[in-house]
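# Fold and contact review
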Amino acid sequence: MADALGHYLAEAERATASRRDRDPRWMTGARQDALARFRGLGFPTTRDEEWRFTSVSSIAETPFTLAESGASLVESTDLDRLRLPAGAAATLVFVNGRPVESESDLGRLPARVRVDSFAGAVAEGRVDVEAHLARVAAMGPRAFTELNTAFLADGAVVCVPDSCVVDGPIHLLFVSTGGERPTMAHPRVVVVMGANSQACVVESYIGVNAGISLTNAVTEVVAGENARLDHYKLQREGRDTAHVGGMYLRAARSASIACHSIALGGSLVRNDVLAVLDGEGAECTLNGLYLGDRRMLVDNHTTIDHAKPHCHSREVYNGILADRARAVFNGKIVVRPDAQKTDAKQTNKALLLSDEAQINTKPQLEIFANDVKCTHGAAIGQMDDEAVFYLRARGLGEREARRLLIRAFAGDVLNRLPLTTLAGHLDTELMNRLPGSYA
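In what follows, the accompanying structure is described. In this text the structure is predicted, and so the values were computed from the model without any measurement. (Residues numbered from 1 in each chain as written. Predicted model: local features only at pLDDT ≥ 70, side-chain atom pairs only at ≥ 80, totals over all residues. Heavy atoms only, no water.)

## Regarding the packing of helix α2 (residues 25-41) against helix α6 (residues 143-150)
Stated precisely, the cut-off is as follows: Lines are fitted to the C-alpha atoms to define the axes, a helix being fitted only along its stretch in contact, and any angle between axes, read from their N-to-C directions, falls within 0 to 180 degrees. Each helix is a run of DSSP H or I of at least 4 residues and each strand a run of E of at least 2, with the numbering of both proceeding from the N terminus. With the far helix as reference, a near helix turned anticlockwise by less than a right angle produces a left-handed crossing, and one turned clockwise produces a right-handed crossing. The contact criterion used is simple: two residues touch if any of their non-hydrogen atoms lie within 4.5 Å. Only Asp, Glu, Lys and Arg are considered charged, only Ala, Val, Leu, Ile, Met, Phe, Trp, Tyr, Cys and Pro nonpolar, and every remaining residue, Gly among them, polar.
Here α2 crosses α6 at 145°, and the two axes come no closer than 7 Å. Between α2 and α6 the crossing geometry is left-handed. Across from A30, R31, A34, L35, R37, F38 and L41 in α2, the residues of α6 making contact are A143, E146, L147, T149 and A150. Class assignment for the residues of the contact of α2 with α6 results in 8 nonpolar, 1 polar and 3 charged.

## Structural notes on the layout of surface pockets
To locate leftover empty space, one rolls a probe as large as a water molecule over the atoms. So the rule is basically this: Think of a 1 Å grid over the protein atoms and nothing else: a 1.4 Å probe that fits but is trapped marks a cavity, an open set flanked by protein within 12 Å on at least five of seven lines marks a pocket, and residues with an atom within 4 Å of a point count as lining. Grid points are joined across faces, edges and corners, and a volume is the space filled by probe spheres set on the points.
For the largest pocket, the calculated volume is near 600 Å³. Contributing elements (two or more residues each) for the lining of the largest pocket: α1 (2-19), α2, β3 (98-99), α5 (118-124) and β7 (183-185). The residue makeup of the lining of the largest pocket, split by class, is 18 nonpolar, 5 polar and 8 charged.

## Some remarks on the environment of I304
Rules: Note on exposure labels: buried denotes an accessible area under 20% of the residue type's maximum, exposed denotes more than 50%, and partly exposed covers the range between, all computed with a 1.4 Å probe on protein chains only.
Mapped onto the secondary structure, I304 falls in strand β16 (residues 297-306). Note on I304: relative accessible area 1%, which makes it buried. For I304 and T285, which are 19 residues apart along the polypeptide, the C-alpha to C-alpha distance reads 9.4 Å. Residue contacts for I304: discarding those within four places in its chain leaves A275, L277, C284, L286, S313, E315, K332, I333 and V334.

## Overview of unusual backbone geometry
Even without glycine at this site, S254 takes up a positive phi of about 60°. The residue S254 is located in the loop between β12 (241-251) and β13 (256-263) in this model. The residue H310 is not glycine, and still its phi comes out positive at about 60°. Along the chain, H310 turns up in the loop between β16 and β17 (312-321).

Set out below in structure tokens:
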């Protein structure tokens, strides 16, 4: 992959040179340092344990170039249908990784809350982006995270100060437009929750035009003492989009973070989540639902690191696979030596709608303390013929019976979403996306 690596290095250097006079020195330095680390790491291969079921050669060998602004290619009416169904306290819109101020709306935010693009925050000094950027994401050497930082240009920053409650979700809408040539974008999100604060953040990744594209997204979350954050990641991009996402979370004493990941589109989707419970009594919830068809590959790797005592975590990931789709789930729970009284539970289920669909699942427990309660479980199966027969005996057709069972399987995750209007919207979209021959 040497030639492919050289292409990305050259693109990153070109992007840095074009912005050198506009960006602060620390941002240019961060890009250069990340590029050096990426040069040393290279793209992961199937020889790497964390990637042994997922080949990224289709990404590495495609000459992606940075997407143009694309704002003129998206109509306001297109964006209107992509907004949250029940409205939002604030909406920040990005097209091909660049903010579109004319389509953003921050009018319902409390006065002390800051939601802005990096460019706006740096220019006006409203948020100290440097203090938080690439801090939590430095927890491990991950090639795509370094690549994201190497292309750092703009992104979203959400800062909720101490003792502040935001009523209504904050919506970060990332739209990719595709193009005649393969294009890429590297969105970056930083969320900082002060002590005793509370908020809901929704990240949406959506494609509006056909075309081969790459989205390489990174999100960093810092939750202060007793903070409460509900985070949603909705990935609904086009069939020819590869999506690689990294989410890094750090929770302080008694903080609570709930992350809900929904993946309904793309060709290759990889999501890494690394949560560190770094304060006594911290809580973490990870919910995930994904749908794969055709030859789609969906890979979810999660790690919940219990670093302090009395921490609590719950994780539920469900997947629906049709045609020749493949999935990977690797869920790791780490309990450090001093993290006594840990309570952790992990569940992963997959519903295979065809004989050709497959999943590789690997739940992991790494426990270095002796007073803990940790469990994990995995279940993989096809449609229950007896359940279908039972429903048909009560007057439903075969198609209706199968759809009802699929909806119930997905509902195990969707019913856990606090935003019920969004959950209903996702339920409808999921059923509309199901291949007709299977449901």
